[in-house]
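# Architecture at a glance
Residue strings, one per chain:
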Amino acid sequence: RQAAANFVRMADKFYADSAPTTDHSYRTGSRLKFFLVTFDGVRVIDTDFDSVANGKSKFSELFNEGQKLVTELRLTMGKKAE
């Protein structure tokens, strides 16, 4: 729960960088999409994956927090399977 709450708080910082969308398609090529589900609908941040992954993007912090969340989810699901 804490990892999810941290990710949501982090995503809130990037609300102004997102745009409303109705296109929920997966990323293509070297693009990365962050989808923000808000009270006003779904918003998207569409950015370059390489710059995010190598820490040169302002969205790198959001990406890293998302990776922490995915790790926690995997650990939690692994514990439930035992």
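Our subject is the structure that appears above.
These lines cover the structure that appears in this document, whether it is placed above or below.

What counts and what doesn't
Residues numbered from 1 in each chain as written. Predicted model: local features only at pLDDT ≥ 70, side-chain atom pairs only at ≥ 80, totals over all residues. Heavy atoms only, no water. Pairing = 2+ DSSP bridges. Helix = DSSP H or I, 4+ residues; strand = E, 2+ residues; numbered from the N terminus. Contact = heavy atoms within 4.5 Å. Salt bridge = Lys/Arg side-chain N within 4 Å of Asp/Glu carboxyl O. Buried < 20%, exposed > 50% of the residue type's maximum accessible area, 1.4 Å probe, protein only.

## Focus: the pairing of strand β3 (residues 41–48)
Two elements, strand β1 (residues 19–20) and β3, share two bridges in a ladder whose sense is antiparallel. Across the sheet, proline 20 pairs through a bridge with arginine 43, a residue of β3. In this sheet, β3 lies alongside strand β2 (residues 31–38) in antiparallel orientation, the contact comprising eight bridges. The residue bridging phenylalanine 35 from the neighbouring strand is valine 44, located in β3. Linkage of β2 to β3, two consecutive antiparallel strands, is achieved through a turn of two residues.

## So, the side chain of serine 18
Positionally, serine 18 belongs in the loop between α1 (2–12) and β1. Setting aside residues up to four positions removed in sequence, serine 18 forms contacts with Leu36, Arg43, Val44 and Ile45.

## A word on the pattern of salt bridges
Inspection of every chain in the model, using the stated rule, returns four salt bridges. Aspartate 23 is paired through a salt bridge with lysine 33; the nearest N and O atoms lie 4.0 Å apart. Linking aspartate 23 in the loop between β1 and β2 with lysine 33 in strand β2, this pair joins segments that are ten residues apart in sequence. A salt bridge links lysine 68 to glutamate 65; its shortest N-O distance comes to 3.7 Å. One end of the pair is lysine 68 and the other is glutamate 65, both in helix α3 (residues 60–81) and three residues apart, which spans about a single turn.

## Topic: the environment of threonine 22
Inspection of the secondary structure puts threonine 22 in the loop between β1 and β2. For threonine 22, a relative accessible area of 75% translates into the label exposed. Separated by 22 residues in sequence, threonine 22 and valine 44 place their C-alpha atoms 9.2 Å apart.

## Side note on the side chain of threonine 47
Inspection of the secondary structure assignment puts threonine 47 in strand β3. We classify threonine 47 as buried; its relative accessible area is 9%. Not counting the four nearest positions on each side in its chain, threonine 47 is found in contact with Ser30, Arg31, Leu32, Phe34, Val52, Ser57 and Phe59.

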